[in-house]
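A closer look at the structure
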Amino acid sequence: MKRRQFLQNTIPAAILPSLVDGFSVKVLGDNPIMAALLNTYVDALPKLIDKKSGKIHTSLDQAWVSTGRLSSRNPNLQNIPIRDERGKEIRKAFIPSGGNHILLSADYSQIELRLMAHLSEDENMIDAFAHNADIHLSTAAKIFKLPENEVTPAMRSKAKTANFGIIYGISSFGLSQRLNISRTEAAALIQGYFSSFPGVKLYMENAVRKAKEKGFVETIMGRRRFLPDIHSANAIVRGVAERNAINAPLQGSAADIIKLAMVNLQKKLQDNYKSYLILQVHDELILNVDKDEIENIRNIVRSEMEHVMKLRVPLVVDIGVGNNWLEAH
DNA sequence: CGTGTCACG
DNA sequence: ACGTACGTGACACGT
């Protein structure tokens, strides 16, 4: 795909490019545990350490991703490994810069599902978040019609997969593949989901209808995604557009929210603190924090991120600190 | 230069 | 009957 530009952004984000001041990196050298595949990181990253700063600097594109997210390249610092045990060694190599500093990571908890609760106004989902419930557990209890203490880990896991699927615009076939169950079972699961969260079903139907009537869907701050394929005679092409209509307002509103929080946070920090933002990874902010400022910065970051917008459900941020990026997470 | 496979949210 | 979850970037490999 050719690189294109999407210029309908409405976020006052001109300040963002100056926020990224780069990571310091501890060179891994010939650490033997890396698999050949992780060449992308082990071989490539040390070569990209800037001679002057001693840091790795990425480029963030604000006008590329169709939903309004940022994208990161040369190198991509938004896909540094974390799940694989060996991959974690790579994440450990990202360390704070300057003496007396520490990395702080602050990430939004379940922001896209919270936005589904907000945008759909589904009472049951709003209620779950209002009570700070374990959302996958409470989803499982509802769709399997059991009290929470009778939900098995397998049921919770299915509900978790269903929750992800809902955000992406689920199909019974897709869900059955991921859960390794029959299509009939998957369809029953989805039906259980919709009867538990009727507002979510309405949200999905409305999103598709709006795309058909107006030609676009929009985020909480008004960024539009145009979906001409919604009228395609080809059912496959049309299906993609329909799922885009469902997903884009969720993913895009999350992007709006964190970008606005970044701008507000930067205004609070600049000229007042030694700590500063170094990266954003979609629902997470990473800061290089002066140790003397840790408690202040924690409070400011949490406050700016959680109170950036008032939604029908609370926004919750998890914060960690550490001597490397893995430890901070 | 396209395809497949990996990494992340 | 169709094919099947959203958004990205980097690398290896075949053409």
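One structure accompanies this document, and this report is about it. Everything quoted here is computed from the prediction, not taken from an experiment.

For chain A, the count of helices and strands is 13 helices and eleven strands. A burial count over chain A gives 50% of its 329 residues as buried. Considering only contacts in chain A between residues 6 or more positions apart, those separated by 24 or more positions represent 65%.

To continue, consider the protein's contact with DNA strand B. The environment of DNA strand B is formed by 13 residues, the closest being Asn 79, Ile 80, Ile 82, Arg 83 and Asp 283. Within 4 Å of the protein, the atoms of DNA strand B are drawn from sugar and phosphate moieties in a proportion of 76%. Within the side chain of Arg 69, a nitrogen or oxygen atom sits 3.0 Å from a base nitrogen of DNA strand B. Val 281 places a polar main-chain atom, nitrogen or oxygen, 3.5 Å from a sugar or linking oxygen of DNA strand B. Looking at the surface near DNA strand B residue by residue, the class counts come to six nonpolar, four polar and three charged.

This brings us to the protein's contact with DNA strand C. Near DNA strand C there are 29 residues, and of these Asn 74, Gly 165, Arg 178, Arg 243 and Asn 244 occur at the shortest range. Within 4 Å of the protein, the atoms of DNA strand C are drawn from sugar and phosphate moieties in a proportion of 60%. Between Arg 178 and DNA strand C, the recorded distance is 2.4 Å, taken from a side-chain N or O atom to a base nitrogen. Broken down by secondary-structure element, the contributors of at least two residues to the surface near DNA strand C are β4 (71-73), α7 (153-168), α8 (172-179) and α11 (235-269). Sorting elements by how many residues they give to the surface near DNA strand C places α11 first, with six residues. Each residue belonging to the surface near DNA strand C can be placed in one class, and the counts come to eight nonpolar, 14 polar and seven charged.

Parameters at a glance
- Residues numbered from 1 in each chain as written.
- Chains lettered and ligands numbered in written order.
- Predicted model: local features only at pLDDT ≥ 70, side-chain atom pairs only at ≥ 80, totals over all residues.
- Heavy atoms only, no water.
- Helix = DSSP H or I, 4+ residues; strand = E, 2+ residues; numbered from the N terminus.
- Buried < 20%, exposed > 50% of the residue type's maximum accessible area, 1.4 Å probe, protein only.
- Contact = heavy atoms within 4.5 Å.
- Near = heavy atom within 4 Å.
- Polar contact = N/O pair within 3.5 Å; in protein donor to acceptor, adjacent residues only side chain to side chain.
- Nonpolar A, V, L, I, M, F, W, Y, C, P; charged D, E, K, R; others polar.

Functional significance is not addressed by these values, which are geometric in nature.
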